[in-house]
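Observations on the model geometry
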Amino acid sequence: MHHNLGRLCTSLALMACAASASATTMVYVSNADSRDIYVMELSQADGSVALVEKVATGGTVMPLAVSPGRRFLYASLRSLPYSVSSFTIDRQSGKLGLLSTVPLADNMANLATDKTGRFLLAASYTGSKISINPIAAKGEVEAPPLAVIPTREKAHAVATDPANTHLFASSLGGDVIQQYRFDAASGQVTPGVPPYVETSHGAGPRHFVFDRRARFVYGTNELDGSLNTYRYDAAAGAMTLLASVSLRPKDFQGAALAPADLHLTPDGRFLYASERTSSTLAGFAVDPDSGALTPVGNFPTETQPRGFNIDPSGRYLLAVGQQSNRMSSYAIDQKTGALQLLHRYDMGKNPNWVEIVELP
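Residues numbered from 1 in each chain as written. Predicted model: local features only at pLDDT ≥ 70, side-chain atom pairs only at ≥ 80, totals over all residues. Heavy atoms only, no water.

**Considerations on the sheet that holds strand S28 (residues 351-359)**
We count it as follows: In this description, strands pair whenever DSSP reports at least two bridges between them. Secondary structure elements are defined from DSSP: runs of H or I of at least 4 residues count as helices, runs of E of at least 2 residues count as strands, and each element is numbered from the N terminus. Note on geometry: axes are C-alpha line fits, over the in-contact stretch for helices, and angles between N-to-C directions span 0 to 180 degrees.
The strand order across the open sheet built from 4 strands is S3-S2-S1-S28, with neighbouring strands paired in antiparallel fashion. Both edges of this open sheet fall to strand S3 (49-56) and S28, since each of them pairs with a single strand only. Within the sheet, the average angular offset between the axes of one strand and its neighbour, ignoring direction, is 20°. Alignment of strand S1 (residues 24-31) against strand S2 (residues 36-42), held across 7 bridges, turns out to be antiparallel. Bridging from a neighbouring strand, Tyr28 pairs with Val39 of S2.

Take a look at the structure:
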């Protein structure tokens with residue numbers, strides 16, 4: 001076996017093999033009502049997780065964000081005083097070390113960093129605004145914010161595009177995704193041209209993701225139960241609505257749907273969205289040329305799945321239920337995109353956000 005391995009791998013490939021073998025995959029779940037973050041290690045062998053530690057946050061912890069270099073984790077505390085906690089991620093154990101907790105401009109429903117990791121972006125649903133705070137070289141968020149920008153009603157998500165030249169904020173109450181030019185040197189924004197892209201009336205745009213080549217954007221709509229596909233003009237920083245599909249499972253006769261989170265697999269072949277009323281995950285195959293979505297199924301999951309995520313290998317999906325207080329681990333079929341339930345675990349109270357990080 002060793003002889004075969006030597007024949008198959010060059011010295012560079014061996015280094016890559018060793019690096020992959022030594023990589024550790026960590027899972028971070030925020031539990032709003034027990035006010036803690038569960039830190040777990042994900043096994044690449046079978047999709048199981050092992051609890052490493054529980055980190056008390058002292059507040060209603062909800063959205064999380066990880067720095068581009070995977071060295072820091074940021075947690076929004078949505079109880080008074082509204083704030084953000086900055087943590088170091090230990091490169092060996094994945095454990096969290098608190099750096100600081102500083103005020104935010106409002107109750108923030110969503111966090112992200114820009115692509116340099118120098119700025120923290122936040123969106124306030126209750127305050128209808130976004131904010132931009134500096135992040136110090138040692139990783140801690142600094143206050144006060146550099147900018148606080150009023151938005152249309154109920155801002156719900158904020159992110160820069162892959163090129164880090166434009167910034168976007170969904171406005172659930174305004175039925176738009178607002179578009180800005182982003183200055184990565186100063187952290188300032190100016191209105192884009194056009195300044196927004198509209199959804200259908202009453203759709204309620206919530207979360208959105210860019211495909212890895214920045215050609216398409218996908219967004220969930222909380223109020224009409226749909227998922228939008230946009231073409232993205234990276235030079236102009238502008239989205240154009242292409243299509244919209246329903247997330248309603250076949251034969252589901254329940255009340256109005258309430259989609260929440262969505263994620264693409266790292267290779268961009270499959271897209272998943274969580275739907276809280278039916279407690280399902282909707283899966284789609286993504287056409288690599290047109291961005292078009294083909295349904296692959298609606299899969300039962302934890303009750304009221306606000307948050308989920310996909311591991312960096314693209315092999316596993318982990319979803320948490322706000323009402324079940326549990327997490328399910330699924331294998332992603334690499335050919336079809338179907339989800340197979342592997343394991344279930346108890347979480348804290350009201351688990352709502354999942355981040356998965358691969359450490360060297």
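**Topic: the sheet that holds strand S26 (residues 326-332)**
In space, the 4 strands of this open sheet follow the order S24-S25-S26-S27, with antiparallel pairing throughout. Every other strand in the sheet has two partners, leaving strand S24 (307-310) and strand S27 (339-346) as the edge strands with one partner each. Shown here is a sheet whose adjacent strand axes are inclined to one another by a mean of 20°, direction ignored. Of the pairings in the sheet, the one linking strand S25 (residues 316-321) to S26 comprises 6 bridges and is antiparallel in character. Across the sheet, the residue bridging to Leu317 is Tyr330, located in S26.

**Details of the pairing of strand S18 (residues 226-233)**
Filter applied, for reference: Exposed residues in this analysis have more than 50% of their type's maximum accessible area, buried residues have under 20%, and partly exposed residues fall in between, with area computed by a 1.4 Å probe over protein chains only.
In terms of residue burial, S18 counts as a mostly covered element, since 6 of its 8 residues are buried. Alignment of strand S17 (residues 216-221) against S18, held across 6 bridges, turns out to be antiparallel. Bridged to Gly219 within S18 is Asn228. Where S17 hands over to S18, the hairpin turn is made up of 4 residues, of which Gly225 adopts a positive phi near 70°. Of the pairings in the sheet, the one linking S18 to strand S19 (residues 238-246) comprises 8 bridges and is antiparallel in character. Across the sheet, the residue bridging to Asn228 is Ser244, located in S19. Linking two consecutive strands that pair antiparallel, namely S18 and S19, is a turn of 4 residues; a positive phi of about 70° is found at Gly237 within it.

No statement about biological role is implied by the geometric values presented.
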